[in-house]
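# Understanding the architecture of this molecule
The residues making up each chain are set out below.
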Amino acid sequence: MAAVTPAAAIDRARALLLAEGFSEIGQGTRGESFYFGLPGGEGQLRVANHARTPKQRLKHPEVVASLVVTGPLSEAALRERLDATLRDFRARQGQPTMAIRPS
């Protein structure tokens with residue numbers, strides 16, 4: 001499958017997270033960052049087209065994992081990176097780690 005733009009990859013990641021039971025709980029002021037949480041859970045997972053600065057990390061410790069998409073990605077590469085982000089998110093919350101379900 002051909003690589004898709006960063007914006008399309010972020011949209012796909014958002015859809016995959018929603019399918020995994022996450023809820024979108026916020027957006028950055030410029031619409032380039034999206035924040036997700038699990039019902040009844042603590043901590044947020046961030047999907048964005050840029051990395052956070054050290055100042056942002058200090059200001060928002062509730063964001064425990066981030067998927068940053070800065071260039072074109074294939075579906076396989078996106079799923080691989082999202083799996084790694086989910087493992088990180090779950091590990092920081094003491095949850096079992098597992099891969100996203102294929103669609």
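In short, a report on the structure. Residue numbering note: each chain is counted from 1, following its sequence as written. Thresholds applied to this predicted model are a pLDDT of at least 70 for local features of residues and 80 or more for the giving and counting of side-chain atom pairs; totals over whole chains, interfaces and linings are not thresholded and use all residues. Derived side-chain values reflect all non-hydrogen atoms in the structure, with water molecules and hydrogen atoms excluded from consideration.

### Details of helix α1 (residues 6-19)
A rise of 1.5 Å per residue sets the reference length of α1, with its 14 residues, at 20 Å; its end C-alpha atoms lie 20 Å apart and thus fit the reference within 8%. Each residue's exposure class comes from its accessible area (1.4 Å probe, protein chains only) as a fraction of the maximum for that residue type: buried when under 20%, exposed when over 50%, partly exposed otherwise. A run of H or I in DSSP becomes a helix once it reaches four residues, and a run of E becomes a strand once it reaches two; helices and strands are each numbered from the N terminus. Of all the positions in α1, only Ala9, Ile10, Ala13, Arg14, Leu16 and Leu17 are classed as buried. Here the buried residues of α1 occupy an arc of 165° about the axis, which is enough to place them on one side. Of the exposed residues in α1, those oriented more than 90 degrees away from the buried face are Ala7 and Ala19. Two residues qualify as a contact provided that any one of their heavy atoms is within 4.5 Å of a heavy atom in the partner residue. In this fold, the buried residues of α1 make contact with β1 (23-27), β2 (33-37), β3 (44-48), β4 (63-68) and α3 (75-92). To estimate the expected span of a helix, count its residues, drop one, and scale the result by 1.5 Å. Working note: the arc is built from the helix axis to C-beta atom directions.

### Considerations on the nonpolar core
Leu17, Phe22, Leu45, Val47 and Leu67 are the most contacted members of the largest nonpolar core, which totals 19 residues. Of all the secondary-structure elements, those providing two or more residues to this core are α1, β2, β3, β4 and α3. When residues of this core are assigned to their parent elements, the largest contribution, five residues, is made by α1. If we ignore the near neighbours within four places in the chain, the residues touching Phe22 are Leu17, Phe36, Gly37, Leu38, Leu45, Leu86, Phe89 and Arg90. What we call a nonpolar core is a set of buried Ala, Val, Leu, Ile, Met, Phe, Trp, Tyr and Cys residues that are connected through their side-chain atoms within 4.5 Å.

### A look at the packing of α1 against α3
To get an axis, fit a line to the C-alpha atoms, keeping to the stretch in contact for a helix; angles then go from 0 to 180 degrees between the N-to-C directions. Between α1 and α3, the shortest axis-to-axis distance is 11 Å and the interhelical angle comes to 50°. With respect to their mutual orientation, α1 and α3 come out oblique. Judged by the sense of rotation from one axis to the other, the crossing of α1 with α3 is right-handed. Listed contacts from α3 to Ala9, Arg12, Ala13, Leu16 and Leu17 of α1 are Glu75, Leu78, Arg79, Leu82 and Leu86. The class makeup of the residues in the contact of α1 with α3 is seven nonpolar, no polar and three charged. Here roughly perpendicular refers to angles of 65 to 115 degrees, roughly parallel to angles under 35, roughly antiparallel to angles over 145, and oblique to all remaining angles. In this scheme, a crossing is called left-handed if the near helix is turned counterclockwise away from the far one by less than a right angle; it is called right-handed if the turn is clockwise. Charged means Asp, Glu, Lys or Arg here, nonpolar means Ala, Val, Leu, Ile, Met, Phe, Trp, Tyr, Cys or Pro, and polar covers whatever is left, Gly included.

Shape is all these values report; function is a separate question.
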